[in-house]
Amino acid sequence: MRAFFQRIRDSVFRVGWPADERKALLAMRSSFLLHLHAPKVRPASLRLAATWGLGLLSLFLYGSLVLTGVYLMFYYIPHPDAAWRSMGDLEFVVPYGVVTRNLHRWGAHAMVAIVLLHLGRVYLTGGYKAPREANWVAGVGLAVLTLGLSFTGYLLPWDQLAFWAVTVGSKMVASVPVIGDAAALLLLGDQTVGEAALLRFYVLHCVVLPVALTGIVAFHLYRVRKDGGLVTSEHAPEPTEGPRLWPAWPHLIYRELALLAGMVALLLAASMLFNAPLEPLADPTRTPNPAKAPWYFLGIQELAHYSAFWGGVFIPAAAIGALIVLPYLDRRTAGLGRYWPPERRWANSVFLFFAAFFMVVTVVGTFFRGPAWALMWWPP
Amino acid sequence: MNDEAPLPRWTHVVFFTSLFATIAMVFVVLYRDAQRPVELEQRLVAALGVVDRCEACHDAADHPGDTLGLHAVERFGCTVCHGGQGAATTADAAHLASPSWERPLFTAAEREAACGTCHEAATLAGAPALSRGRAVLAERGCVGCHEIPGIKLPEIAPDLDGLQDKVSPAWVRAWLADPGALNVDHRMPQFTMPDEEIDPIVAFLFSLEGPALTPAAEAGAPDPARGRKFVATRRCATCHRIEGRGGGFAPDLSLAGSKLSPAWMFSLLTDTHRLRPHTRMPGFRLSPEEAADIVAYAAEQWVPDTAETPWTAFSPEVKRDLTAVGRFEFIEHGCPGCHRAGDLPRAPAAMPLDDLGRRRVVDLPLADGAAMPDLPSWIATKVRVPTAFDLPGATPSLMPAYRGLSPDDALAVGIALASLKRSPLPGDYVIQSTPAQTPPAGPAGALVDRYRCLECHELGGQGGHIAGVPLDGEGSRVQRGWLLRFLQDPVTIRMDQSARMPVMGISESDADLLTDWILSSLADPRITEGEALGDATRGAAAYTARACGSCHMSRGAGTMKGPVLDGAGARLDPDYVVTLLRDGPAVVPGERHPAERLPGGEARDIATWIAGL
């Protein structure tokens with residue numbers, strides 16, 4: 001009998017418990033999940049400050065969002081008559097409905113924030129430069145997809161918050177010159193946010209965008225290894241003593257597990273302490289004043305307040321365009337792998353200036369804009 | 001493992017702390033969820049889109065009153081009448097407001113308003129405030145400015161054509177500035193109008209031509225003393241307040257002498273409906289002499305007008321310009337909503353209120369620092385103080401003030417208005433008001449209109465409520481000869497009623513026609529014809545034994561709480577008396593006879609005895 005189970009275990013895990021280095025290397029090569037890592041890593045990669053674990057946390061958060069999202073899909077009905085009531089069902093009758101929705105909501109906000117921080121980390125350390133240009137572009141695409149996933153998910157509760165945030169968001173899309181109206185129509189399937197928009201957002205949120213994201217994530221991870229691992233460790237000085245490379249098991253894997261465990265604990269704690277917001281049923285005749293987009297778009301909404309085209313369309317589009325073409329224009333290779341190298345002071349200052357600018361307008365749009373988008377102090 | 005590079009301490013600390021914390025939290029989540037009741041009583045009313053879980057805690061069998069007998073919980077659920085969040089499974093979420101559920105359980109006022117969403121009739125037993133509110137909405141002329149479904153504007157405002165024949169410009173100015181100073185019972189609300197708006201309106205009103213006045217009587221000198229007597233014998237005080245007494249339904253006549261021109265008054269009294277086709281006043285048959293006497297009596301009360309009359313100072317050109325402005329102001333203030341004037345259409349000028357019940361108080365302006373009221377209370381405040389919720393800097397509300405509206409009536413109005421929802425309620429839930437009866441046609445119908453019978457009497461659920469008993473079934477209750485005499489000379493039957501039928505001077509031929517119409521068309525099928533007679537002696541004994549005299553007066557004994565029975569032998573149809581005594585007062589709506597039912601034989605005996613009175 002014991003041999004029977006042994007055979008099953010051996011068929012799945014080709015290598016037993018990696019008790020020595022040889023077995024650890026074998027395990028890293030033969031396991032599907034582990035082979036995404038190099039069997040041996042540079043010690044500089046293991047420093048927390050090398051990445052702050054941001055990319056990995058993004059991936060973990062995505063995984064948790066898929067899991068909680070599937071559970072929510074069991075109970076959710078993407079129709080204006082039933083969507084908001086589904087939220088009530090989750091709150092009142094579905095087992096673990098509240099905590100699952102909270103995990104999904106806070107996980108989504110955390111993922112948006114951490115993906116953007118990840119982008120900033122890679123930029124500051126010059127991770128977009130050759131040979132990582134294509135992976136950088138894929139990463140920018142992942143950031144955009146993350147925002148798209150969050151935005152499409154925002155509509156699904158079909159409460160006032162969702163309805164008006166998406167109405168504002170689709171107005172921004174429609175303000176794009178030439179193609180704006182067509183794009184908004186394609187997104188909403190109607191002139192206004194309604195039944196068609198809800199179904200489209202649902203399909204995008206649950207099928208199209210996750211499939212795209214999963215595919216690009218696979219490419220992204222593959223290219224991380226093929227492009228030589230972390231830029232921060234690649235350019236770090238060789239250790240003067242000890243081995244040049246350390247086995248990924250246990251040094252890397254344990255660190256990753258700790259991050260995963262920490263993230264799960266924090267997310268769960270947040271989900272038990274704070275409930276995801278839910279406002280009254282969407283009512284197209286009742287416009288909140290002001291109607292605000294999701295927080296990560298409030299910087300853009302704030303800019304659009306000054307000029308619909310320049311602030312709402314040109315600046316965001318130019319920012320994304322600049323991020324995409326950046327690696328093909330900035331080809332100097334000095335100062336890579338460090339956060340604040342003298343060679344990259346100018347490049348990093350420009351980036352930090354824009355990041356700070358976006359943060360300021362986001363904070364203003366979130367906290368200091370009252371009815372009719374008038375400036376106000378918070379709390380009022 | 002690799003001794004040269006041990007794992008850093010934080011890996012273990014973070015990993016195990018998080019792991020234990022996660023496990024602990026998962027147990028808390030599991031424990032919390034286990035506290036949820038596994039079974040829930042749930043009431044699904046698909047037709048209303050209602051999912052009510054109230055019965056998880058409340059037992060419908062404990063519902064007080066017999067409301068559920070008419071409103072089966074299977075068909076209505078709970079939240080339709082009680083509000084709250086039916087789908088909730090915790091007491092707080094079900095009863096209280098929250099960010100996702102703005103309306104807590106209904107207050108008593110909101111519950112009554114909820115009745116009105118399905119029940120469209122003007123009066124609804126069990127919802128007195130709702131019914132009162134709907135009556136006030138009609139009486140106060142709210143429907144003149146606001147479109148309110150189910151409520152028709154009664155003829156409460158006079159036609160303004162020919163106003164120049166009726167009153168002086170000074171009087172109209174004073175009236176527009178403060179109607180309460182001229183008539184404490186004024187029904188027209190108080191508009192906030194500066195003089196520069198009043199003058200053009202007066203100019204406009206005095207440009208409207210009306211029907212020509214009837215030429216004054218030539219015969220004899222009018223005698224005010226005779227006029228005063230006529231006013232009493234004609235019972236004008238049934239509707240008008242005269243010398244401080246009576247009235248309530250029509251304008252106070254105490255000051256009529258100083259308000260109305262004698263020529264106009266004379267025309268109104270002698271040819272009422274030619275001068276005022278839409279008035280609620282019956283067409284009295286007065287001789288010119290009688291009318292002249294009454295006018296003389298009114299003129300005796302004339303109070304000299306001390307207000308200066310700037311009217312004469314206006315040159316014709318100024319007046320012409322003012323008229324155009326006045327027409328605009330007249331429309332702007334919504335006056336054509338209630339008054340007919342010239343060719344102006346009667347269109348509601350203010351916002352329609354047919355969906356007011358759907359408004360949420362959180363969206364409405366509130367006085368600073370005031371607690372959040374329920375919707376009926378908010379409306380009540382707005383009705384009592386129309387400018388209460390004006391936003392600073394905004395144009396003040398044009399709505400006039402309804403002074404003298406009691407807080408109870410204001411709340412009743414709030415309840416009636418909060419019941420209005422343009423809702424897709426399934427048709428079989430809506431209890432429509434009784435379809436309007438067509439008024440009687442033909443020559444009898446013309447007389448019913450001339451004497452304005454239905455202003456006081458109810459018929460087929462329509463008409464007024466001034467007279468105590470509806471006309472339905474009257475043809476089966478009384479005898480022809482008595483009715484013929486009564487119409488010409490209405491004696492008072494019910495001494496406890498303050499409203500007494502005016503003496504309109506119905507001619508014999510008119511009375512004959514009306515009597516025929518009442519006897520043939522207004523029979524009550526529930527009153528059985530041809531009851532056998534009983535024994536009058538036994539009837540007299542039963543009358544005494546039943547203590548009928550504690551309400552009725554007969555042969556000089558008894559009280560006057562009920563109708564006097566002396567002479568009832570000629571008045572009442574014995575079949576009706578038998579039916580009333582045997583089957584109870586339900587055969588006559590509004591009848592206040594004791595509900596006790598007598599055995600058939602006893603009823604026949606008493607009826608036979610009464611027939612001999």
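Since we're looking at a predicted model, the values are computed, not measured.

The rules behind each value
Residues numbered from 1 in each chain as written. Chains lettered and ligands numbered in written order. Predicted model: local features only at pLDDT ≥ 70, side-chain atom pairs only at ≥ 80, totals over all residues. Heavy atoms only, no water. Axes fitted to C-alpha atoms, helices over the stretch in contact; angles between N-to-C directions. Helix = DSSP H or I, 4+ residues; strand = E, 2+ residues; numbered from the N terminus. Parallel < 35°, antiparallel > 145°, perpendicular 65-115°, else oblique. Contact = heavy atoms within 4.5 Å. Buried area = accessible area lost by both parts, 1.4 Å probe. Salt bridge = Lys/Arg side-chain N within 4 Å of Asp/Glu carboxyl O. Polar contact = N/O pair within 3.5 Å; in protein donor to acceptor, adjacent residues only side chain to side chain. Nonpolar A, V, L, I, M, F, W, Y, C, P; charged D, E, K, R; others polar. Domains from an automatic or database assignment. Buried < 20%, exposed > 50% of the residue type's maximum accessible area, 1.4 Å probe, protein only. Arc of directions from axis to C-beta. Phe/Tyr/Trp six-rings, centres within 6.5 Å; stacked < 30°, edge-to-face > 60°. Lys NZ or Arg CZ within 6 Å of the ring centre and 35° of its normal.

## Focus: the packing of helix α13 (residues 295-306) of chain A against helix α15 (residues 345-367) of chain A
Residues and elements named next belong to chain A. Look at α13 against α15: their axes get within 7 Å of each other, and the N-to-C directions meet at 95°. One way to sum up the angle between α13 and α15 is to call them roughly perpendicular. Here W295, L298, G299, I300, E302 and L303 of α13 lie close against α15, whose contacting residues are F357, F358, V361, T362, V364, G365 and T366.

## Details of the interface of chain A and chain B
Opposite the 36 residues of chain A that make contact, chain B presents 37 residues. Approximately 3000 Å² of surface area, both sides summed, lies buried where chain A meets chain B, with 67% of it carried by carbon and sulfur atoms. Considering only the surface of chain A that becomes buried against chain B, F92, M272 and R286 of chain A emerge as the three largest contributors, covering 23% of it. At the junction of chain A with chain B, the criterion picks out four salt bridges. Our enumeration of links across chain A and chain B arrives at seven residue pairs in polar contact (both at pLDDT 80 or more). Secondary-structure elements contributing two or more residues to the side of chain A that touches chain B are α5 (83-92), β2 (246-247) and α12 (248-273) of chain A. In terms of residue count, α12 of chain A provides more of the side of chain A that touches chain B than any other element does, 14 residues in total. Grouping the amino acids of the side of chain A that touches chain B by side-chain chemistry returns 26 nonpolar, three polar and seven charged.

## Looking at the domain arrangement of chain B
Residues and elements named next belong to chain B. Parsing chain B into structural domains produces domain 1 (43-105), domain 2 (128-152 + 354-429), domain 3 (163-312), domain 4 (442-521) and domain 5 (536-611). Computed over C-alpha atoms only, the centres of domain 4 and domain 5 are separated by 22 Å. Taken together, the contact pairs 14 residues of domain 4 with 17 residues of domain 5. Taking both partners together, domain 4 and domain 5 bury about 1300 Å²; carbon and sulfur atoms supply 51% of that area. Where domain 4 touches domain 5, the interface holds zero salt bridges. Scanning the region where domain 4 abuts domain 5 turns up five residue pairs in polar contact (both at pLDDT 80 or more). Of the residues belonging to the side of domain 4 that touches domain 5, the class tally is six nonpolar, four polar and four charged.

## Brief notes about helix α21 (residues 442-450) of chain B
Along an α-helix, a turn takes 3.6 residues, which lines up residues three or four apart on a common side. Residue and element names in this part refer to chain B. Among all positions in α21, only A444, G445, L447 and V448 are buried. Buried residues of α21 fall within an arc of 160° about the axis and therefore sit on the same side. If you follow the buried residues of α21, they end up packed against α22 (453-456) and α25 (508-521). In the stretch just after α21, R452 is the one whose phi turns positive, near 50°.

## So, the packing of aromatic side chains
Enumeration according to the criterion identifies 30 aromatic pairs over all chains in this entry. Taking the centre distance of 5.2 Å and the plane angle of 25° together, the rings of Y123 of chain A and Y128 of chain A count as stacked. The class of Y123 of chain A is buried, set by a relative accessible area of 7%. For Y128 of chain A, a relative accessible area of 0% corresponds to the buried category. Look at F15 of chain B and F16 of chain B: their rings are 5.1 Å apart centre to centre, the planes differ by 85°, and that puts the pair in the edge-to-face class. An aromatic cluster is defined as three or more aromatic residues linked by ring pairs; in this entry it consists of F151, F201, W295, Y296 and F297 of chain A. Here R105 of chain A stacks its cationic end above the ring of Y154 of chain A, 5.1 Å away from the centre of that ring. Of note, R571 of chain B hangs over the ring of W482 of chain B, and the distance from its end group to the ring centre comes to 5.9 Å.

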